[in-house]
Amino acid sequence: MKLELRGLAPGTRLGVLAGLGRSGTRAMEVPGCLLYTHCGSVPHLTHDTLDALGRLPAVTQLPLATVAEHQEVLEAFREGAAKLAGLHDTVLFCSLQDPAAPCPAGYNTSKSVSLWSAAGRIELTVPKYVAMQAAVRPDWYQSLADGDAQPAGSSLKRVRRSVERTLTHLDECVLLHQKTAELVGAELFGVVEGADVREERVRSARETAKRPVGGFVLDGFQSGVMDQALRAQLIAAVTAELPRDKPRLVLGVGRPDQVLSCVEGGVDLFEGFFPFVATERGCALCFRFAMEPDPESAVQEQNGVTEDGGSSRTEDPEHQDLQQMTRFEMNLNDRRYRDDLRPLVVGCGCYCCRNHSRAYLHHLLVTKELLAGVLLMLHNVSHYSSFFSSVREALATDRLETLKSVVLGV
Amino acid sequence: FSGRAIAGAPLVLRILAECPVSKARACDMTLPHCTVNTPVFMPVGTQGTMKGVTAEQLENLGCQICLGNTYHLGMRPGPELIEKAKGLHGFMNWRRSLLTDSGGFQMVSLVELSQVTEEGVKFRSPYDNKEILLSPEQSIAIQNSLGSDIMMQLDDVVSSTVTGPRVEEAMRRSIRWLDRCIAANRNPESQNLFAIIQGGLNSELRHICLEEMTKRDVPGFAIGGLSGGEEKDDFWKMVTLSTDHLPREKPRYLMGVGYAVDLVVCVALGCDMFDCVFPTRTARFGSALVPWGSLQLKHKQYAKDFQPIDPECTCPTCRRHSRAYLHALLKCDTAALHHITIHNISYQLSLMQSVRQSIIDGCFPQFVRAFMDRMFPSREQYPRWAVDALASVGITLN
């Protein structure tokens, strides 16, 4: 795996992660987001509907939490989770927790980390964890990490302990990784902890960077756990300690404004769960990310007519939890869409917008039909992917500030 | 679309082959939106959606016609919106043929305290508690707005387990309602109105209904009032009685039938079209249909079974996924239901394709024997009603 960065203004990162996968032939543009799955399937989608999305991210994310209860099956299968899930041609990143599911704190010990799966809590020591990863056979995976110390109300002692434990787990992972045949060729990512304590963040980053890891996972910055201003500061402090030529992935950040802030702070990769959480509440992503003003909507705005659909909120609460609708979405459950025969987002080329109307989506939600999830997921993944293309374009043409104002609608 | 051979005739039936032994036929039925090959199984997309399957996926499976439900769509989102969206075809973006039922069955089976009078069916809307009357005229008006290729008359539905004078009353009223439906149809040039033969399990009443309804100039006939919990022995006798007295050159639609054995037998008895929620509904319970029965994929026995549902099936699910994966996925994402729905629809459509081909090739009786042999572990387990029904049309299973 090799990260090829373009020579841009210091602090901005734009490039390609090449040489990916066991074959070494896949590549992923950064900044980028991973394709989020449950147990190897993009939520709601079968392979055909997934195909309708066109170009998919090269790297697929499998949260271990969504597949942990099937370890025995994977071991009997002997060819890894990607193959079992029918994901033949992808690069698989296995993270620990599911970013879209709650992870109650307080269960981690010095020797184990608790994983929250559909079948309940699973306690993992490093050997058990590595054995699970051996069954999954990922291309990348994160080390076992103690992410328990949530900023609000964590004592300094607890924060230090989580950094210590995480480093200890990493060292043990490195050793076991080297002895595990199924993980030959897989990249191990170290995890940076430290909650909201700058000193601990820096320490965690420096120490993790000394280990033989392929990349870095930034934990404890999840939306809803930390506010944007603090996140921005701490991420900058962390990435300053990390080698330039290894990728940095932040866990649990999906809201477009927070993504942009993390990109500015030197993050390369994001979990792609935001389209899914929007889908689950019957919402379609509709925020703008086109940097060239669209003539029609410019006229409309001049005439005081705003694009119907977005929330009228101009801000979202900092510690917003995942269940709440953001200003980047439109809620198709709303009665105002009952008769609206326009596509979700005018000009969007996704399967849903090419073939269906807001009225139809509204109908599907009102009647609680399964197709609602399918169509919304198709739109949301497509919209989000296109947003990331726009991020890369903005970086390439030095227009990140313009993109920020477009996305925030200011 | 240039499929219409005769101007003003929105349905043209071409009989390609007839089984020399049984009453089975293979036909091409040309409708305004596309030609449908029969015998055909029509999946049911009740509320303007085939559950988790997109219109494109359904098309790719080879489906030529599916069902929408007048009662449900009439309630939500309502005919005005659908008409504005260019009919049900436009609303759900389905380019091929659509059949809508009248709403009569749902009236009786779903809605509590519905009251049938000569006027129509009176009931209370479950959504806003308002009292509504579904008359023949209203049902046809809604179906005209939906724009389906085939519409069903509003019939006075009684359960097949009901006996006594109510059965005759319902049969006679259905005839009168048929005439009102015919008169109410705004689009006779582009929408086909089918009659529904009633009469319960009473041969005399069925005869009367057949005699009367076949006097009306409708493009097709459905056999109704069956598949409602009656004895299979009574069921098949009414089916074969009906096809004996329906015109050869018009399609015969047996409503509510979808189990594989029932389909094969009723094709032998002369039926062309079938619909049933069973294959798509059972999929959502994790049950996959196969030529030898069904697999309950939620069962532990499939946890490490790395074969596809059916190694010989060519559907998208079987080409890519194993029973083990589906078993695991069933615990964590709705996509599992879609995979199984796709497989079950494919199974039904392939079955009918094979049935049709065997009729065209002149080997339908052999097909039936092979089918039964695959489906049941031994001859002793062949359902007696099926053996009798097939024997009645010259197909012996020995």
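Remember, it's a predicted structure, so these values are computed and weren't measured experimentally.

## Considerations on the pairing of strand 9 (residues 131-134) of chain B
Here comes step 1: Where strand 8 (residues 121-124) of chain B and strand 9 of chain B come together, four bridges link them in antiparallel fashion. Residue pairing for strand 9 of chain B: lysine 122 of chain B is matched across the bridge by leucine 133 of chain B.

## Remarks on the nonpolar core
Here comes step 1: In this structure, Leu64, Leu218, Phe270 and Phe387 of chain A are the most contacted members of the largest nonpolar core, which totals 159 residues.
Here comes step 2: The element that contributes the greatest number of residues to this core is helix 13 (residues 371-396) of chain A, accounting for 14 residues.
Here comes step 3: Residues lining this core come from more than one domain, with at least three contributed by each of domain 1 (2-272) and domain 2 (287-292 + 326-408) of chain A.
Here comes step 4: Setting aside residues up to four positions removed in sequence, phenylalanine 387 of chain A forms contacts with Pro256, Val259, Leu260, Phe287, Phe289 and Val407 of chain A.
Here comes step 5: Of all hydrophobic cores here, the second largest spans 60 residues; its members include Leu178, Ile223, Trp236 and Trp385 of chain B.

## Structural notes on the sheet that holds strand 3 (residues 26-30) of chain A
Residue and element names in this part refer to chain A.
Here comes step 1: What the three strands build is an open sheet, ordered 1-2-3; its pairing is antiparallel. One side of each edge strand has no neighbouring strand; the edge strands of this open sheet are strand 1 (2-5) and strand 3. Put simply, the sheet's adjacent strands are angled 20° from each other on average, direction ignored.
Here comes step 2: With four bridges connecting them, strand 2 (residues 15-20) and strand 3 associate as antiparallel partners. Looking at the pairing, leucine 20 lines up with arginine 26 of strand 3.

## Here we look at helix 4 (residues 126-136) of chain A
Residue and element names in this part refer to chain A.
Here comes step 1: In terms of burial, helix 4 is a largely internal element, eight of the eleven residues being buried.
Here comes step 2: Every buried residue of helix 4 is accounted for by Val126, Tyr129, Val130, Met132, Gln133, Ala134, Ala135 and Val136.
Here comes step 3: Just downstream of helix 4 lies arginine 137, where phi reads positive at about 55°.

## Description of the pattern of salt bridges
Here comes step 1: Counting across every chain of the model gives 51 salt bridges over all chains.
Here comes step 2: Its salt-bridge partner being arginine 158 of chain A, residue aspartate 148 of chain A comes within 3.5 Å of it at the nearest N-O pair. Of this pair, aspartate 148 of chain A sits in the loop between strand 10 (140-142) and helix 5 (156-179) while arginine 158 of chain A sits in helix 5; the two residues are ten residues apart in sequence, bridging distant segments of the chain.
Here comes step 3: Using a relative accessible area of 13% as the deciding quantity, one classes aspartate 148 of chain A as buried.
Here comes step 4: On the basis of relative accessible area, arginine 158 of chain A is assigned to the buried category, the value being 14%.
Here comes step 5: The closest approach of N and O atoms between glutamate 59 of chain B and arginine 95 of chain B, which form a salt bridge, is 2.6 Å. Of this pair, glutamate 59 of chain B sits in helix 1 (residues 55-60) while arginine 95 of chain B sits in the loop between helix 4 (87-92) and strand 6 (97-101), and the two are 36 residues apart along the sequence.
Here comes step 6: Linked through salt bridges whose partners overlap, the residues forming this network are Glu118, Asp156, Arg166, Glu169, Arg173 and Arg176 of chain B.

## Some points on the interface of chain A and chain B
Here comes step 1: Across the boundary between the two partners, chain A contributes 41 residues, which contact 40 residues of chain B.
Here comes step 2: Three residues, His363, Glu369 and Leu370 of chain A, lead the burial of chain A against chain B; their summed loss comes to 16% of the area buried on that side.
Here comes step 3: Lysine 51 of chain B serves as the salt-bridge partner of glutamate 369 of chain A, at 3.0 Å between the closest nitrogen and oxygen.
Here comes step 4: On the surface where chain A and chain B come into contact, there are 18 residue pairs in polar contact (both at pLDDT 80 or more).
Here comes step 5: Elements supplying a minimum of two residues to the side of chain A that touches chain B: helix 1 (47-51), helix 2 (71-77), helix 11 (351-355), helix 12 (358-366) and helix 13 of chain A.
Here comes step 6: It is helix 12 of chain A that provides the largest number of residues to the side of chain A that touches chain B, a total of five residues.
Here comes step 7: Here the residues of the side of chain A that touches chain B sort into 20 nonpolar, 15 polar and six charged.

## Re the UniProt feature "binding site: Zn(2+)" (unreviewed entry) in chain B
All names here are of chain B.
Here comes step 1: Within the UniProt annotation, "binding site: Zn(2+)" (unreviewed entry) is assigned to Cys313, Cys315, Cys318 and His343. These residues run over 31 residues, yet every pair of their C-alpha atoms falls within 8.4 Å of each other.
Here comes step 2: Accessibility expressed as a relative area gives 8% for cysteine 318, which makes it buried.
Here comes step 3: Residues in contact with cysteine 318, not counting those within four places in the same chain, are Pro308, Ile309, Asp310, Cys313 and His343.
Here comes step 4: Along the chain, the position of histidine 343 falls in helix 14 (residues 335-360).
Here comes step 5: Judged by its relative accessible area of 1%, histidine 343 is buried.
Here comes step 6: Those residues in contact with histidine 343, other than ones at most four positions away along the chain, are Ala288, Leu289, Val290, Ile309, Asp310, Cys313, Cys315, Thr317 and Cys318.

## Description of the sheet that holds strand 6 of chain B
Residues and elements named next belong to chain B.
Here comes step 1: The strand order 4-14-13-12-11-10-6-5 describes an open sheet built from eight strands, whose pairing is parallel. Each edge of the open sheet carries a strand with a single partner, namely strand 4 (40-42) and strand 5 (65-69). Mean inter-strand twist for the sheet, computed between neighbouring axes without regard to direction, equals 25°.
Here comes step 2: Across three bridges, strand 10 (residues 150-152) lies against strand 11 (residues 192-197) in parallel orientation. Paired with methionine 151 across the two strands is leucine 193, which belongs to strand 11.

Here is what the cut-offs are and how they apply
- Residues numbered from 1 in each chain as written.
- Chains lettered and ligands numbered in written order.
- Predicted model: local features only at pLDDT ≥ 70, side-chain atom pairs only at ≥ 80, totals over all residues.
- Heavy atoms only, no water.
- Pairing = 2+ DSSP bridges.
- Helix = DSSP H or I, 4+ residues; strand = E, 2+ residues; numbered from the N terminus.
- Core = buried A, V, L, I, M, F, W, Y, C linked by side-chain atoms within 4.5 Å.
- Buried < 20%, exposed > 50% of the residue type's maximum accessible area, 1.4 Å probe, protein only.
- Domains from an automatic or database assignment.
- Contact = heavy atoms within 4.5 Å.
- Axes fitted to C-alpha atoms, helices over the stretch in contact; angles between N-to-C directions.
- Salt bridge = Lys/Arg side-chain N within 4 Å of Asp/Glu carboxyl O.
- Buried area = accessible area lost by both parts, 1.4 Å probe.
- Polar contact = N/O pair within 3.5 Å; in protein donor to acceptor, adjacent residues only side chain to side chain.
- Nonpolar A, V, L, I, M, F, W, Y, C, P; charged D, E, K, R; others polar.
- UniProt positions renumbered as here; feature names shortened; annotations may be inferred.

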